[in-house]
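# Coordinate inspection notes
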Amino acid sequence: MSLRDKRRVQSVKTRLRTTRNGVRDSLPSFPGVPYLYILPFYVLFALFMAFPVAYTFYLSFFRYHGRGSGYILEIDLFVVEAGVPRLSNLEFVGLANYQRLFGDALFLQSVENTIVVMLLQMPLMVLVSLLVALMLNAKFMQYSGYFRTAIALPVTANYVAYSAIFLVMFAENFGFINYMLGAAGLPTVPWRSDGFWAKASLAVALDWRWMGYNMLILFAGLQGIDRRLYEAAEIDGANRWEKFRYVTLPQLRPIMLFVIILSTIGSLQLFAEPMVITDGGPANQSITVVMYMYQEAFSRFNLGYASAITYALVVFVTILAYVQLKIGGE
Amino acid sequence: MSTTQSKDPLPVRFAVYIGLLVIVAITFVPLYWMIVAASLPQEEFFTLPPRLLPGTHFVENVQALEARFPYLRSVWNSVFVATVYTIISLFLCALAGFAFAKYEFAYREPLFYFILATLVLPVQIMVIPMYLLMAQLGLLDTHLALILPFLANPVGIFLMRQSMLSIPDSWLDAARIDGASEFQIFYRIALPAMKPMLAALAVILFISQWNMFLYPLVILESEELFTIPLAIERLTGHHRIYFDQIMAAATIAIIPMIVLFLWLQDHFVRGFTNSM
């Protein structure tokens, strides 16, 4: 360790110590002040997070017998009758909603669609954004900032707005993409009439929207790798591939994992894109889990069943993230 | 820098720059196509080969769109809701972040980790009861219902706390000796010192509200209250789809964000990478 590095470590240590002491030392002139400052969060949390999370779970054990009259559902959270609160129009059905999930062809279809879109989209996106980040991180790179800005541009696009662009670009008969494919002598693609290609069109749109975002995160990770590790590898005679294999990849692993888990969670919650680009079609071939939940809750008013779908999704997301963490973190 | 730096051969450098230019081109094509399509008259839209240069009909397309749907009203609604939300939420996040960073109090750690734990909850889980709750509160079909539930943002509190740790206690103590109240210390000393972080967080909060779709779709009914995502979704959902008008709408929705992005680039990049 050089003298300069030692000094840097020393200065970081001092900073950490003063910060930690600082927190311990500062006392308000009135002891209730910090509680007052954090109170809004907990009030809002109780009302708009804790309650809904619990109530969705609760609803998933009921069947709703009321109607939706147009827009407003005829349901009260609680009805007080003779001083006793009871739920309106709700019949307790135990685990029936969850049992129904496994025999519901449309639900299973929506799960399959969601997973297929994810498998089509994520590997390509992670690979390309890693490649781009590596290129931007090359020693000789001179215009890294400009390239990063240009490539990250799609992150500004509103989900529905960019979906609308792809809706138009993927139009089968006069769409821009099919025209370009034809002009290049390639066969045109049935984006809207074929189940697989409908899912592929969602994957293309998602890759476009999120590639730059993941590139930024991976680039930040690459910048954080200690240059000395590469120098040491060079001294040991490592070639380009070996440096990538034995230095970059292991160092980048936590960030790769972060990107993959976030993309997984995002894919499983897909809603705006299938709604706008494919409208779930053809024949429900691209309907996603969240879309199905939305339809059950707000078109068919099966609130209990929709709640069960929601919880199935949450459990699914949690398990998948956990598995990825286990595999990736060893 | 080490002296043993190995030079990459020229073909490698060349290939890297070409590769990046290809990616940039792919990034730009949909945006360029959007602008072309938004500025063509309806009859030229369907010609083959498609036009590759922008036309001059953008204003006409916006007027035609406006005649069918109050779209500019939606743009205003989005700007209004996102701005109000950002300002209030920024204040609440900074307030809580300041308390967690600078005050010693009982149960501080568990209370803070609890906030972090709430990060994992997805919005879908809240949509149905939130609809029912808003109905009970008489807030269905109001902008307030879009703002209220998301004001306390766990990410925001976390980021504000992290950056407020760097405020020296001596500043706070000096202010107390000068007779400042606790709130004055927060408002006059902590907030101004946090400007870069506040800007980055403002970007995160604004974008999160700007992008919101599923929840407003459930809450809002009146077209004149629609935000941009709902308006565009409604435009694409008709039997007869007016592609040129949809592209004009998408252009209006995206261009301001791109300008903002280029202007506030550093904050944006910080904001995006922080928001996870």
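## Some words on the overall build of chain B
The helix and strand inventory of chain B stands at 15 helices and 0 strands. In terms of C-alpha radius of gyration, chain B reaches 24 Å, well past the compact-globule figure of 19 Å for 276 residues. Considering only residue pairs separated by 6 or more positions, chain B has 73% of its internal contacts joining residues 24 or more positions apart. Of the roughly 12000 Å² that chain B leaves accessible, carbon and sulfur atoms contribute 68%. In chain B, 14 positive and 18 negative side-chain charges are present, and the distance between their average locations comes to 8 Å.

## Focus: the overall build of chain A
Looking only at helices and strands, chain A has 13 helices and 6 strands in total. Classification of the 330 residues of chain A by burial places 51% in the buried group. For chain A, the share of sequence-separated contacts (at least 6 apart) that also reach a separation of at least 24 residues comes to 71%. On chain A, roughly 15900 Å² of surface is accessible, and the fraction owed to carbon and sulfur atoms is 64%.

## Quick notes on the interface of chain A and chain B
Each partner contributes to the interface: chain A provides 96 residues, whereas chain B provides 106 residues. Surface buried jointly by chain A and chain B totals about 9300 Å² across both partners, of which 78% is contributed by carbon and sulfur atoms. There are 0 salt bridges connecting chain A and chain B. Joining chain A to chain B, the criterion identifies 9 residue pairs in polar contact (both at pLDDT 80 or more). Sorting elements by how many residues they give to the side of chain A that touches chain B places helix α2 (residues 33-59) of chain A first, with 19 residues. Looking at the side of chain A that touches chain B residue by residue, the class counts come to 76 nonpolar, 13 polar and 7 charged.

## Points about the side chain of T118 of chain B
Looking at the element boundaries, T118 of chain B is found in the loop between α5 (108-117) and α6 (124-136). The class for T118 of chain B is buried, based on a relative accessible area of 6%.

## Observations regarding the pattern of salt bridges
Residue and element names in this part refer to chain B. Enumeration over the complete set of coordinates arrives at 10 salt bridges over all chains. For the salt bridge of R176 with D173, the shortest nitrogen-to-oxygen distance reads 3.1 Å. A residue pair is termed a helical-turn pair when its members lie 3 or 4 positions apart in one helix, as R176 and D173 do in helix α9 (residues 169-177) at 3 residues. When the shortest N-O distance is used, the salt bridge between R234 and E223 registers 3.0 Å. Here E223 lies in the loop between α12 (214-219) and α13 (228-236) and R234 lies in helix α13, a separation of 11 residues in the sequence.

## With respect to the packing of helix α9 (residues 227-235) of chain A against helix α10 (residues 240-268) of chain A
All names here are of chain A. The contact between α9 and α10 brings their axes to 10 Å, and the two run at 160°. In this view, α9 runs roughly antiparallel relative to α10, as classed from their interaxial angle. You can see that α9 and α10 cross each other, and the crossing is right-handed. Note on element contacts: α10 touches α9 through K243, V247, T248 and Q251, opposite L229, Y230, A233 and E234. Its residues placed into classes, the contact of α9 with α10 shows 4 nonpolar, 2 polar and 2 charged.

## Quick notes on the environment of T47 of chain B
Residues and elements named next belong to chain B. Here T47 is to be found in the loop between α2 (42-45) and α3 (58-68). According to the relative accessible area criterion, T47 is partly exposed, its value standing at 26%. When the C-alpha positions of T47 and R270 are compared, they lie 43 Å apart, and in sequence the two are 223 residues distant.

## Quick notes on the side chain of N153 of chain B
Residues and elements named next belong to chain B. Checked against the element boundaries, N153 lands in the loop between α7 (144-147) and α8 (154-164). Looking at N153, the relative accessible area reads 13%, which means it is buried. A distance of 3.0 Å separates a polar side-chain atom of N153 from the backbone nitrogen of G156. Those residues in contact with N153 that lie beyond four places of it in its chain are Y85, S89, C93 and L205.

## Quick word on the packing of aromatic side chains
The geometry of two aromatic rings is summed up by the distance between their centres and the angle between their planes. Across all of its chains, the model carries 48 aromatic pairs over all chains by this definition. An angle of 25° between the planes, with centres 4.7 Å apart, marks the rings of F176 of chain A and W33 of chain B as stacked. In this pair, F176 of chain A sits in helix α7 (residues 176-183) while W33 of chain B sits in helix α1 (residues 10-38), so the two residues belong to two different chains. With respect to burial, F176 of chain A and W33 of chain B carry one shared label: buried. Members of the aromatic cluster, each reached through a chain of ring pairs, are Y37 of chain A together with F91, F98, Y103, F183, F186 and Y187 of chain B. Note that R100 of chain A overlies the ring of Y305 of chain A, its terminal NZ or CZ placed 3.6 Å from the centroid. The residue whose ring lies beneath R161 of chain B is F112 of chain B, and the NZ or CZ to ring-centre distance is 4.4 Å.

## Description of α13 of chain B
When you tally the buried positions in α13 of chain B, you get 8 out of 9 residues, the bulk of the element. Taken as a whole, α13 of chain B has its buried residues at I228, P229, L230, A231, I232, E233, L235 and T236 of chain B.

## A look at the nonpolar core
Considering soluble globular proteins, one finds that nonpolar side chains tend to be buried as a cluster. Residues and elements named next belong to chain B. Counting residues in hydrophobic clusters, the biggest one holds 205 residues, and the most contacted among them are Y71, M164 and M247. In terms of residue count, helix α4 (residues 71-102) provides more of this core than any other element does, 15 residues in total. Apart from the residues within four sequence positions on either side, Y71 is in contact with L65, E66, I228, A231, I232, L235, A249, I252 and A253.

## Considering unusual backbone geometry
Residue and element names in this part refer to chain A. Geometrically, the link from G281 to P282 is a cis peptide bond, its omega value of -5° lying close to zero. Note on placement: P282 falls in the loop between α11 (272-278) and α12 (289-298). The residue D279 is not glycine, and still its phi comes out positive at about 55°. Classification of D279 by relative accessible area gives exposed; the value is 57%. The backbone of F301 shows a phi angle near 60°, a positive value even though the residue is not glycine.

## Overview of a nonpolar patch on the surface
Residues and elements named next belong to chain A. Where nonpolar side chains cluster on the molecular surface, the patch consists of V315, I319, Y322, V323 and I327 and spans about 490 Å² of accessible area. You can see I327 is positioned in helix α13 (residues 303-329). I327 sits in the exposed class, given a relative accessible area of 59%.

Cut-offs used in this document
Residues numbered from 1 in each chain as written. Chains lettered and ligands numbered in written order. Predicted model: local features only at pLDDT ≥ 70, side-chain atom pairs only at ≥ 80, totals over all residues. Heavy atoms only, no water. Helix = DSSP H or I, 4+ residues; strand = E, 2+ residues; numbered from the N terminus. Rg over C-alpha atoms; globule rule 2.2 N^0.38 Å. Contact = heavy atoms within 4.5 Å. Areas by Shrake-Rupley, 256 points an atom, 1.4 Å probe, with all protein chains shown as cover. Lys, Arg positive; Asp, Glu negative; His and termini not counted. Charge placed at Lys NZ, Arg CZ, Asp CG, Glu CD. Buried < 20%, exposed > 50% of the residue type's maximum accessible area, 1.4 Å probe, protein only. Buried area = accessible area lost by both parts, 1.4 Å probe. Salt bridge = Lys/Arg side-chain N within 4 Å of Asp/Glu carboxyl O. Polar contact = N/O pair within 3.5 Å; in protein donor to acceptor, adjacent residues only side chain to side chain. Nonpolar A, V, L, I, M, F, W, Y, C, P; charged D, E, K, R; others polar. Axes fitted to C-alpha atoms, helices over the stretch in contact; angles between N-to-C directions. Parallel < 35°, antiparallel > 145°, perpendicular 65-115°, else oblique. Left-handed = near helix turned anticlockwise from the far one by under 90°. Phe/Tyr/Trp six-rings, centres within 6.5 Å; stacked < 30°, edge-to-face > 60°. Lys NZ or Arg CZ within 6 Å of the ring centre and 35° of its normal. Core = buried A, V, L, I, M, F, W, Y, C linked by side-chain atoms within 4.5 Å. Patch = residues over 30% accessible without salt bridge, like charges linked within 9 Å, V, L, I, M, F, W, Y side chains within 5 Å.

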